[in-house]
Amino acid sequence: MARSGDPGAARVLDAAVAAVDNFRHILPVDGGFALSLYVRGLLDSAYWTLESPSTPPDIAARIRDAEQLIARGHEEAVAVLEAALSGPR
């Protein structure tokens, strides 16, 4: 669009930047929450990590805490879960 001189290109670019800038993994929907595929994958990894007998108790506790916060729709819990899953096991 921009190459052809379309004046709408700036609006499209602004909208794209705004969408990325406001990206959320947890979206309120009909009184509940929708989770991004990324978060669903993290939760799946969390499940298997909790199932592993080699997972240290402190890591398991951090994962459970993050899971509970995600279930309540807290976006910041995604970073907590990422950190817990990337820690030593």
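As a reminder, the structure under discussion sits directly above these lines.
This structure is a prediction, so every number in the text was calculated from the model and none was measured.

K.L.:
A description of the packing of helix α2 (residues 37-51) against helix α3 (residues 57-71) should follow, citing residues and the corresponding values.
P.N.:
With their axes 10 Å apart at the nearest point, α2 and α3 run at an angle of 145 degrees to one another. Judged by the twist between their axes, the crossing of α2 over α3 is left-handed. Side by side, α2 and α3 meet where Val39, Leu43, Ala46, Tyr47, Thr49 and Leu50 of the first sit next to Ala60, Ile63, Arg64, Glu67 and Ile70 of the second. The residue makeup of the contact of α2 with α3, split by class, is 8 nonpolar, 1 polar and 2 charged.

K.L.:
Tell me about unusual backbone geometry, and name the residues and values.
P.N.:
Phi is positive for aspartate 30, close to 45 degrees, though the residue is something other than glycine. Among the structural elements, aspartate 30 can be located in the loop between β1 (26-29) and β2 (32-35). Taking the relative accessible area as the measure of exposure, aspartate 30 reaches 80% and is therefore exposed.

Rules behind the numbers
- Residues numbered from 1 in each chain as written.
- Predicted model: local features only at pLDDT ≥ 70, side-chain atom pairs only at ≥ 80, totals over all residues.
- Heavy atoms only, no water.
- Axes fitted to C-alpha atoms, helices over the stretch in contact; angles between N-to-C directions.
- Helix = DSSP H or I, 4+ residues; strand = E, 2+ residues; numbered from the N terminus.
- Left-handed = near helix turned anticlockwise from the far one by under 90°.
- Contact = heavy atoms within 4.5 Å.
- Nonpolar A, V, L, I, M, F, W, Y, C, P; charged D, E, K, R; others polar.
- Buried < 20%, exposed > 50% of the residue type's maximum accessible area, 1.4 Å probe, protein only.

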